[in-house]
Amino acid sequence: MQSENTMWQQKWVIGNWKMNGRLQNNNALMHRFRVMPTVDSVLIGLAAPTVYLLQLHNAMQIVLNNRILTCAQDVSKFPDNGAYTGEVSAEMLADIGTDIVLIGHSERSLYFGEKNEIQRLKMENVLNVGLIPLLCVGESLEEREAGREQEVIADQLSILKGLNTKNIAVAYEPVWAIGTGKVATTDQIAAMHGFIHKEILSLCGNDVNIRILYGGSVNANNAAAIFAVPYVDGALVGGASLSYESFAAIINAAQEA
Ligand code: 13P
């Protein structure tokens, strides 16, 4: 991984494949990334399904000289090995060379009922093995229409208080903008990213490194405008990370931002 200090200055572009991928397609995609020029100002990551993480990590080492970081989409809330059928621990993710772990994606909350308490356990497990958690937050359409978006986000961010780290990475993903093609306006993004920045400082102190990524229908066409918004330190990209062309175009926009 890049040096600790550098990465907290870079724009982060992380692809979240969600439940997509196949061995052969993944390999083909990795090989396409070989032609991508090195971009010092951008940290690139891919969050693949757990079964493909080792494949990706190996491909990144062998083919890509570690220019792309290995990211996991989730982790167990249980810290230690044991009788937890189906679970994958933070230590296992570290063992195979994972760098960053998404925590609390809204789809985890929507389909698996994960709320603050579980997310906090996962954050601690990830930090304890020296990996970087990327906490995902976001309000529903109903909550935004009721004018409650800041209250909701403040509650989701509250789990950051008292964590044993000086490095805080958060992705703001309004639920109504995920996979809908309905991207938040730059005004909405600016207001929320400014708010999240302020909240992080008040929860974690003024001396923390902070990255705040935007996620929700980011694509090759809207990425440049989003990266130009204050306190937007990168993007968490779903659908558009599945094709080399659109993902590379977003990385390019981050580089030019
Ligand atoms: P889309 O980019 O497909 O809207 O997904 C966003 C997301 O949920 C990334 O984590």
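Colleague: Whenever I open this one, the environment of D207 confuses me. Can you help?
Modeller: Considering the arrangement of structural elements, one finds D207 in the loop between α9 (186-204) and β7 (209-215). Note on D207: relative accessible area 52%, which makes it exposed. A C-alpha to C-alpha distance of 7.2 Å links D207 and K166, two positions 41 residues apart in sequence. Within the local environment of D207, its side chain forms a polar contact with the side chain of K166, the two groups lying 3.2 Å apart.

Colleague: What should I look at first to understand the layout of surface pockets in this one?
Modeller: Volume-wise, the largest pocket comes out at about 570 Å³. In terms of lining residues, the largest pocket is bounded by 21 residues, among which T50, Q73, D74, R108 and F112 are the most central. For the lining of the largest pocket, the elements supplying multiple residues, two or more each, are α5 (106-112) and α6 (116-128). Residue contributions to the lining of the largest pocket peak at three residues, all from α5. Classifying every residue of the lining of the largest pocket gives seven nonpolar, six polar and eight charged. Here the second largest pocket defines a volume of roughly 410 Å³. Lining the second largest pocket are 22 residues, with S109, K115, G138, E143 and Q156 sitting closest to its centre. Looking at the lining of the second largest pocket, the elements with two or more residues in it are α5, α6, β5 (132-137) and α8 (149-157). Taken together, the residues that form the lining of the second largest pocket break down as five nonpolar, nine polar and eight charged.

Colleague: Hey, could you run me through empty space enclosed by the protein in this one?
Modeller: Over the atoms a probe the size of a water molecule is rolled, and this reveals where empty space is left. If you walk through the whole model with that rule in mind, you get one cavity of 30 Å³ or more. Reported here for the largest cavity is a volume of approximately 40 Å³. The wall of the largest cavity is formed by M123, L127, P133, L160, L163, T165, N167, I168 and A169. With three residues, strand β6 (residues 167-172) is the single largest residue contributor to the lining of the largest cavity. For the lining of the largest cavity, the per-class residue count stands at seven nonpolar, two polar and no charged.

Colleague: What's the story with the sheet that holds β7 in this structure? I'm lost.
Modeller: Picture the strands of a sheet paired through backbone hydrogen bonds; they go either parallel or antiparallel. Around the barrel, eight strands lie side by side as β1-β2-β3-β4-β5-β6-β7-β8; this closed barrel has parallel pairing. Ignoring strand direction, the axes of neighbouring strands in this sheet form an average angle of 25 degrees. The pairing of strand β3 (residues 68-72) with strand β4 (residues 100-103) spans two bridges and is classified as parallel. Across the sheet, residue A72 finds its bridge partner in β4, namely V101. Taken strand by strand, α9 contacts β5, β6 and β7, and its axis lies near 150 degrees from that of β7.

Colleague: What should I look at first to understand the packing of aromatic side chains in this one?
Modeller: For any two aromatic rings, the description comes down to two numbers: the centre-to-centre distance and the angle of the planes. Within the structure shown, the criterion is met by five aromatic pairs. Consider the rings of F33 and Y244, whose centres lie 5.2 Å apart with planes at 75 degrees: the pair is edge-to-face. Taken as a pair, F33 in helix α2 (residues 23-33) and Y244 in helix α11 (residues 244-256) lie far apart in primary sequence, 211 residues in all. We classify Y244 as buried; its relative accessible area is 12%. Ring centres 6.0 Å apart and planes at 90 degrees place the aromatic pair F33 and F247 in the edge-to-face group. Residue F33 is located in helix α2, and its partner F247 is located in helix α11; the two are separated by 214 residues in the primary sequence. The exposure classification of F33 matches that of F247, with both residues buried. Grouped by ring-pair contacts, the aromatic residues F33, Y244 and F247 constitute a single cluster. Positioned above the aromatic ring of F112, the side-chain terminus of R108 is 3.9 Å from the ring centre.

Colleague: How should I be thinking about the packing of α2 against helix α3 (residues 50-62) in this particular structure?
Modeller: Between two packed helices, both the angle of their axes relative to each other and the distance between the axes serve to describe the pair. Two numbers describe how α2 lies on α3: the axes approach to 10 Å, and their chain directions differ by 25 degrees. The pairing of α2 with α3 is recorded here as roughly parallel in orientation. Both α2 and α3 take part in a crossing whose hand is right-handed. Here α2 contributes L23, N26, N27 and M30 to the contact with α3, which in turn contributes Y52, Q55, L56, A59 and M60. Considering only residue class, the contact of α2 with α3 consists of six nonpolar, three polar and no charged.

Colleague: For this particular structure, what's the right way to read the packing of α2 against α11?
Modeller: One can describe the packing of α2 onto α11 by two numbers: an axis separation of 11 Å at closest approach and a directional angle of 40 degrees. The orientation of α2 with respect to α11, classified from their angle, is oblique. Regarding α2 and α11, the two cross each other, and that crossing is right-handed. The residues of α11 that touch α2, namely those facing L29, R32 and F33, are Y244, E245, F247 and I251. Residues belonging to the contact of α2 with α11 are distributed by class as follows: five nonpolar, no polar and two charged.

Rules used in this analysis
- The residue numbers shown here count from 1 along each chain, following its written sequence.
- Predicted model: local features are reported for residues with pLDDT of at least 70 only, side-chain atom pairs are reported and counted for 80 or more only, and whole-chain, interface and lining totals are derived from all residues.
- Neither water nor hydrogens contribute to the side-chain values; these are computed over all heavy atoms in the structure.
- Secondary structure elements follow DSSP: runs of H or I no shorter than four residues count as helices, runs of E no shorter than two count as strands, and numbering proceeds from the N terminus.
- Remark: exposure states derive from per-residue accessible area (1.4 Å probe, protein chains only) relative to the maximum for the residue type, with buried under 20%, exposed over 50%, and partly exposed in between.
- Side-chain atoms alone can form a polar contact between residues adjacent in sequence; in general such a contact is a pair of N or O atoms within 3.5 Å, and within protein one must be able to donate a hydrogen while the other accepts it.
- Two kinds of site are reported from a 1 Å grid over the protein atoms alone, namely cavities, where a 1.4 Å probe fits but cannot get out, and pockets, open sets with protein on both sides within 12 Å along at least five of seven lines, and residues are called lining when an atom falls within 4 Å of a point.
- Grid points are joined across faces, edges and corners, and a volume is the space filled by probe spheres set on the points.
- Residues were grouped as follows: Ala, Val, Leu, Ile, Met, Phe, Trp, Tyr, Cys and Pro as nonpolar; Asp, Glu, Lys and Arg as charged; and all remaining residues, including Gly, as polar.
- DSSP bridges decide pairing: two strands pair if at least two such bridges lie between them.
- Axis definition: a line fitted to C-alpha atoms, over the contacting stretch in the case of helices. Angles run 0 to 180 degrees between N-to-C directions.
- Here, residues are in contact when the closest pair of their heavy atoms is within 4.5 Å.
- Side-chain rings of Phe, Tyr and Trp, where Trp is taken by its six-membered ring, are said to pair if the distance between their centres is within 6.5 Å; with planes under 30 degrees apart they count as stacked, over 60 as edge-to-face, and otherwise as tilted.
- Both a distance and an angle decide whether a charge sits over a ring: NZ of Lys or CZ of Arg must be within 6 Å of the ring centre and within 35 degrees of the ring normal.
- For classification purposes, an angle smaller than 35 degrees is called roughly parallel, one larger than 145 roughly antiparallel, one from 65 to 115 roughly perpendicular, and anything else oblique.
- Left-handed describes a crossing whose near helix is turned anticlockwise from the far helix by less than a right angle; the clockwise case is right-handed.

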